[in-house]
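The chain contents come next:
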Amino acid sequence: MTNVNNSKKTKREQIVNNGRIIIVIMAIFVACITLRLWYLQIVKGDYYSQKSHDNRIRNRRIRALRGIITDRNGKILADNSLGFNLQIIPENIDKNEINDLAELIAGQVSELEADAIVNLYNKSSAYTRHRPLTLKKNLTTDELARIEARKYELPGVIIETEPLREYPHDEICSHIIGYLGFINDHELQLEAYKSYARDDLVGRTGIESRYQNELRGRDGQRQVVVNARGRELESFTSKPAISGSNLQLSIDIELQKFAFELIGDKVGSLVAIDPENGEVLAMVSTPSFSNNLFSTRIRKEDWQRINSDPLHPLQNRPLQGCYPPGSTIKPLIAAVALTDQIVNRDTKFFCNGSMTLGRTRFRCWNRYGHGETNLLKSITQSCDVYYYNIATRLSIDRLAAFANEFGIGLKSGIELPGEKSGLMPSSSWKLKKVHDQWYRGDTLSICIGQGYLTATPLQIAAMYSVFANSGTYFRPHLIKNTDPEPVRVEVSRKNMQLIRKGLWQVVNTRRGTANRSKLSNKKWEMAGKTGTAQVVKQHLETLKKVADTPWRFRDHAWFAAFAPFDDPKIAIAVMIEHGGHGGSTAAPIARQTVEFYLNKLDNLKK
Amino acid sequence: MKLTHRKQHHPTRIKISTEENLSPETRSHLSEKSLERSRFDGFDFLTCLLTLIIIGLGILTIYSATYNPEATTWLTGFCRRQLIWVGIALVIGIVLFLLHYNILYQAAYPLYGIGIILLLAVEVAGSTHMGATRWLSLGGINIQPSEFAKLTVILALARFLSNRRLPPPYNLKELIAPALIIALPTVLILKQPDLGTAMLIILISGVIIFIAGITRGTLITLAVSACSAAAVGWHFLHDYQKQRILTFMNPEKDPLGSGYHIAQSKIAIGAGKLFGKGFLKGTQNSLHFLPEQHTDFIFAAYAEQWGFLGVLILLIIYFMFILRALNIAMEARDGFGSYLATGIAAIFFWQVTINIGMVSGLMPVVGIPLPLFSYGGTSMLTSIALISILLNIHYRRKG
């Protein structure tokens with residue numbers, strides 16, 4: 001045997017011996033793998049089966065439709081419309097055609113660049129190519145028509161619809177309806193928003209906010225079988241969505257619109273209430289804003305424009321604006337004086353143009369004085385001295401309690417967020433807030449609607465509806481058919497008739513402060529009271545003419561009224577900021593609004 | 001003795017004429033014994049049968065993995081293409097079978113040289129995909145020289161060891177020369193970087209060297225140094241490689257990122273339970289939750305449909321196949337044949353182990369297909385060529 005043969009033989013033995021060892025080692029490996037598979041498939045089989053099932057079933061939300069808001073006659077105030085969004089599905093578009101397609105799309109739709117479309121397209125990865133990409137939200141009808149017309153030249157381009165909140169009357173009643181906003185991260189963590197998800201819209205102000213839970217409805221659920229890329233293969237509804245409740249408001253949108261346009265660019269409020277039940281018929285706040293701007297994400301410049309407006313269009317003046325009520329408070333003072341027998345229908349005070357209390361001289365608005373003045377005359381001609389005389393005999397705390405019965409100084413509880421209570425001061429209030437005792441002179445100011453006293457136009461309107469219905473306070477409300485409990489105020493019918501007569505004379509007699517605002521249709525008569533609330537004290541001292549005073553120093557103009565006198569259907573308060581005299585600025589607006597409404601009721605009857 | 005024994009049972013003989021181009025061992029062998037043999041005696045029907053079963057199961061699984069209920073033809077694209085590849089591979093396999101495997105002995109070193117040149121060419125002019133430079137473009141065809149190098153290392157190692165006059169077992173010093181043969185292409189492949197193929201070459205070479213014989217002390221030294229090398233090597237890994245290994249340690253930590261593949265394939269395998277969901281009923285697979293469901297992760301698609309029983313059957317078939325290959329190695333006529341057959345057995349063994357280990361979450365994800373089973377022309381061609389060489393070695397085994 002050669003050397004070669006020797007070595008070969010040794011090699012052969014090695015191969016056979018080592019080969020057996022290798023077989024054993026490999027068998028161990030195979031056993032390990034088998035054990036592993038046994039573990040996965042037999043031991044954990046059920047666990048992975050469940051996972052495999054969960055993998056392909058996804059729960060998708062079906063958005064519930066938000067409840068519709070209508071006015072008292074069923075006219076729609078807040079509706080759900082469809083927004084049309086332009087989208088592309090990258091996987092349906094050929095790479096070579098995207099440039100041409102982008103050009104074509106950009107040509108049909110404004111504010112869209114071809115380059116931006118191509119960029120968006122290129123960004124989608126293999127795993128997201130089936131997902132639609134939104135190119136533009138809220139297409140105009142023109143754009144929509146152009147895209148639809150070229151549908152066959154635009155493969156991979158789709159129009160997605162999205163429910164949008166739409167307010168057909170826009171700024172006319174945006175303060176009442178409010179608007180929606182996307183839920184924010186902070187709210188999502190709160191217990192109250194537990195059932196909400198990202199991208200949910202919630203009411204931010206107005207009825208939308210106050211009745212968020214009722215309007216919202218309940219989202220449904222759809223189970224879908226998806227593949228690994230999330231594409232839906234089949235779906236079935238497992239829980240249908242329940243639409244939100246519809247709400248009917250007491251607002252008469254035609255009246256609201258008429259009043260809104262009547263006020264025009266004046267700054268102020270108008271509140272009209274049905275005195276028979278407290279339903280708010282119209283509630284106008286100017287300047288206003290477009291709540292449709294908020295229905296999707298509001299543009300930054302719009303928000304800044306609205307927010308930085310010095311006239312604060314977002315403020316809901318009828319219930320957030322607290323103004324000195326001026327002479328519109330006088331019937332209330334007369335009522336408490338009659339009730340407490342400080343005066344009767346024949347009590348007369350002499351007005352020489354002012355009254356001196358201690359060292360202070362309190363002026364009547366008429367510097368020449370009204371002469372002998374009884375209660376009727378004091379209302380008709382709005383004599384301040386008459387009420388100064390009452391004030392010297394009246395306790396402020398008694399007045400505060402009495403005024404509260406008419407809703408003055410208290411929040412009415414109207415179904416809108418942010419209502420202010422105004423201020424009906426009392427001696428304890430002054431001690432607490434001003435750290436001073438109550439002086440008689442303070443009461444004098446209060447009794448002509450100045451001083452610490454402030455009220456919202458809504459409170460004044462509610463107060464006048466008590467005079468309208470001869471003594472019953474209904475909580476003013478916006479939701480139709482609420483039927484609040486009627487509360488009698490402590491004024492006798494006889495005294496009520498007297499005050500009402502005074503209010504009638506204001507409008508219907510030659511000496512009345514609103515005698516130019518008589519209703520043109522002789523069929524109805526309006527009763528009301530003007531008011532002029534001082535903005536700057538100085539003005540009263542110098543008695544400048546209204547036209548000579550800068551706008552922001554002019555007095556606020558009030559007019560509160562009800563009609564028809566015999567069977568009131570509407571009580572109204574108009575308040576124009578810096579409007580000058582109530583009789584000349586506010587009263588005509590009230591008169592036309594009242595006439596519009598009464599004519600409308602008349603036409604309906606026919 | 002054995003020869004006479006065989007002669008009695010198989011009277012029909014053929015004479016194999018190729019006497020030139022034989023290894024020294026074989027030539028010396030030839031000088032003693034005749035090569036006459038039964039025409040079918042040496043043909044390994046068992047290996048052929050096992051091969052065809054695996055290919056058949058593979059095609060069924062590819063069919064189900066790429067099944068599209070809306071397709072009009074019953075044969076989907078991948079399935080048809082795989083069948084075509086099998087056809088081409090079988091033709092090449094038959095041609096390879098007819099040639100004596102000693103041609104490979106002659107060609108071993110030149111092929112090894114070509115392999116190194118191609119790897120160097122990749123270094124210089126390779127095209128880069130996803131951060132790795134592995135491909136070489138030759139007239140429009142992209143080839144991956146690391147795959148080719150894997151085979152040439154086995155050939156060169158088999159020739160070197162069979163040619164060596166030094167008697168085994170080898171000690172550390174005597175292993176330097178074969179280690180260089182392994183190291184040269186491995187380093188080049190690591191630079192690409194292609195950690196999977198480099199590891200595979202080391203593992204396969206390890207089996208060949210082990211069967212050739214090494215001393216116990218060397219074995220222990222190598223094992224210890226391999227462990228420490230792994231620790232040091234960690235710092236030289238690319239981020240994506242580290243990430244893969246970290247992900248493998250804790251796949252649930254990142255279920256939608258790089259752990260996604262492992263997590264989803266584990267779900268697919270586990271959901272198969274004992275009997276499987278049934279043919280074409282695998283939802284993990286049909287809804288595309290499985291990544292690479294017809295290539296590297298095809299085992300998961302198979303396991304989901306056929307369950308633990310199906311998996312067991314496939315593993316047994318593979319194991320029988322590998323045992324058969326090792327048996328051929330032990331019975332080969334010469335050292336070259338033995339080492340070559342061992343290398344082939346090792347290729348199949350490691351690929352199956354790593355692939356299933358990876359798919360079932362035992363090992364990190366490396367792009368190694370399941371041989372004969374996964375979709376892919378190159379893999380199928382290589383596998384069938386290797387089996388053909390195996391049959392060749394067996395056919396021309398020592399008599």
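Residues numbered from 1 in each chain as written. Chains lettered and ligands numbered in written order. Predicted model: local features only at pLDDT ≥ 70, side-chain atom pairs only at ≥ 80, totals over all residues.

(A) Region of interest: the overall build of chain A. The helix and strand inventory of chain A stands at 22 helices and 21 strands. Put simply, chain A has 606 residues, and 42% of those count as buried. At a minimum sequence separation of 6, the contacts of chain A that also span at least 24 residues come to 72%. (Helix = DSSP H or I, 4+ residues; strand = E, 2+ residues; numbered from the N terminus. Buried ≥ 20, exposed ≤ 12 C-beta atoms within 10 Å, placed from the backbone. Contact = placed C-beta atoms within 7 Å.)

(B) Local environment of the interface of chain A and chain B. Counting from both sides, the interface comprises 37 residues of chain A and, opposite them, 45 residues of chain B. Those elements that place two or more of their residues in the side of chain A that touches chain B are helix 1 (3–43) and helix 2 (45–56) of chain A.

(C) Layout of the pairing of strand 21 (residues 570–576) of chain A. All names here are of chain A. Taken across its seven residues, strand 21 has seven buried, putting it largely inside the fold. The side-chain alternation of strand 21 yields two buried faces, one formed by Ile-570, Ile-572, Val-574 and Ile-576 and the other by Ala-571, Ala-573 and Met-575. Looking at chain direction, strand 11 (residues 268–274) and strand 21 are connected through six bridges and run antiparallel. Looking at strand 21, one finds that Val-271 is bridged to Ala-573. By the bridge criterion, seven bridges tie strand 20 (residues 556–563) to strand 21 in an arrangement that is antiparallel. Each bridged residue has a counterpart across the sheet, and for Phe-562 the counterpart in strand 21 is Ala-571. (Pairing = 2+ DSSP bridges.)

(D) Broad picture of the nonpolar core. Ranked by internal contacts, the top residues of the largest apolar core, which has 119 residues, are Ala-272, Ala-461, Tyr-464, Ala-561 and Ile-572 of chain A. It is helix 19 (residues 457–468) of chain A that provides the largest number of residues to this core, a total of nine residues. Among the domains, domain 1 (61–248) and domain 2 (253–289 + 316–605) of chain A are the pair contributing at least three residues each to this core. Not counting residues within four places of it along the chain, the set of residues in contact with Ala-461 of chain A comprises Val-271, Ala-272, Ile-273, Ala-560, Ala-571, Ile-572 and Ala-573 of chain A. Listed in part, the 109 residues of the second largest apolar core include Trp-306, Phe-308, Phe-321 and Leu-326 of chain B. (Core = buried A, V, L, I, M, F, W, Y, C linked by C-beta atoms within 7 Å. Domains from an automatic or database assignment.)

(E) Expanded view of helix 10 (residues 253–263) of chain A. Residues and elements named next belong to chain A. By the burial criterion, the buried members of helix 10 are Ile-253, Leu-255, Gln-256, Phe-258, Ala-259, Phe-260 and Ile-263. Where the residues of helix 10 are buried, they touch strand 3 (76–88), strand 11, strand 12 (279–286) and helix 22 (582–605). At the C-terminal side of helix 10, Gly-264 shows a positive phi close to 60 degrees.

(F) Layout of the packing of helix 13 (residues 298–331) of chain B against helix 14 (residues 335–359) of chain B. All names here are of chain B. Two elements in contact, helix 13 and helix 14, have axes whose closest approach is 9 Å; the angle formed by their N-to-C orientations is 165 degrees. For the element pair helix 13 / helix 14, the angle class is roughly antiparallel. The two elements helix 13 and helix 14 meet at a crossing, and its hand is left-handed. For the pair helix 13 and helix 14, contact is made by Phe-299, Ala-300, Tyr-318, Phe-321, Ile-322, Ala-325, Leu-326, Ile-328, Ala-329 and Met-330 and by Ser-338, Ala-341, Thr-342, Ile-344, Ala-345, Phe-348, Phe-349, Val-352, Asn-355, Ile-356 and Val-359, respectively. When its residues are assigned to classes, the contact of helix 13 with helix 14 shows 18 nonpolar, three polar and no charged. (Axes fitted to C-alpha atoms, helices over the stretch in contact; angles between N-to-C directions. Parallel < 35°, antiparallel > 145°, perpendicular 65-115°, else oblique. Left-handed = near helix turned anticlockwise from the far one by under 90°. Nonpolar A, V, L, I, M, F, W, Y, C, P; charged D, E, K, R; others polar.)

(G) Seen up close, the sheet that holds strand 19 (residues 527–533) of chain A. Residue and element names in this part refer to chain A. Taken in spatial order, the five strands make up an open sheet running 12-11-21-20-19, and their pairing is antiparallel. The open sheet has two edge strands with one neighbour each: strand 12 and strand 19. With strand direction ignored, the average angle separating the axes of adjacent strands in the sheet is 10 degrees. When strand 11 meets strand 12, the two strands line up antiparallel, connected through seven bridges. Bridged to Ser-269 within strand 12 is Ser-285.

(H) Structural context of the confidence of the model for chain A. On average, residues of chain A score 86 in pLDDT, and 93% of them are at 70 or above. Within the model, pLDDT remains below 50 along residues 1–9 of chain A, and this stretch shows nine contacts once partners closer than five positions in the same chain are excluded. (pLDDT = per-residue confidence, 0-100.)

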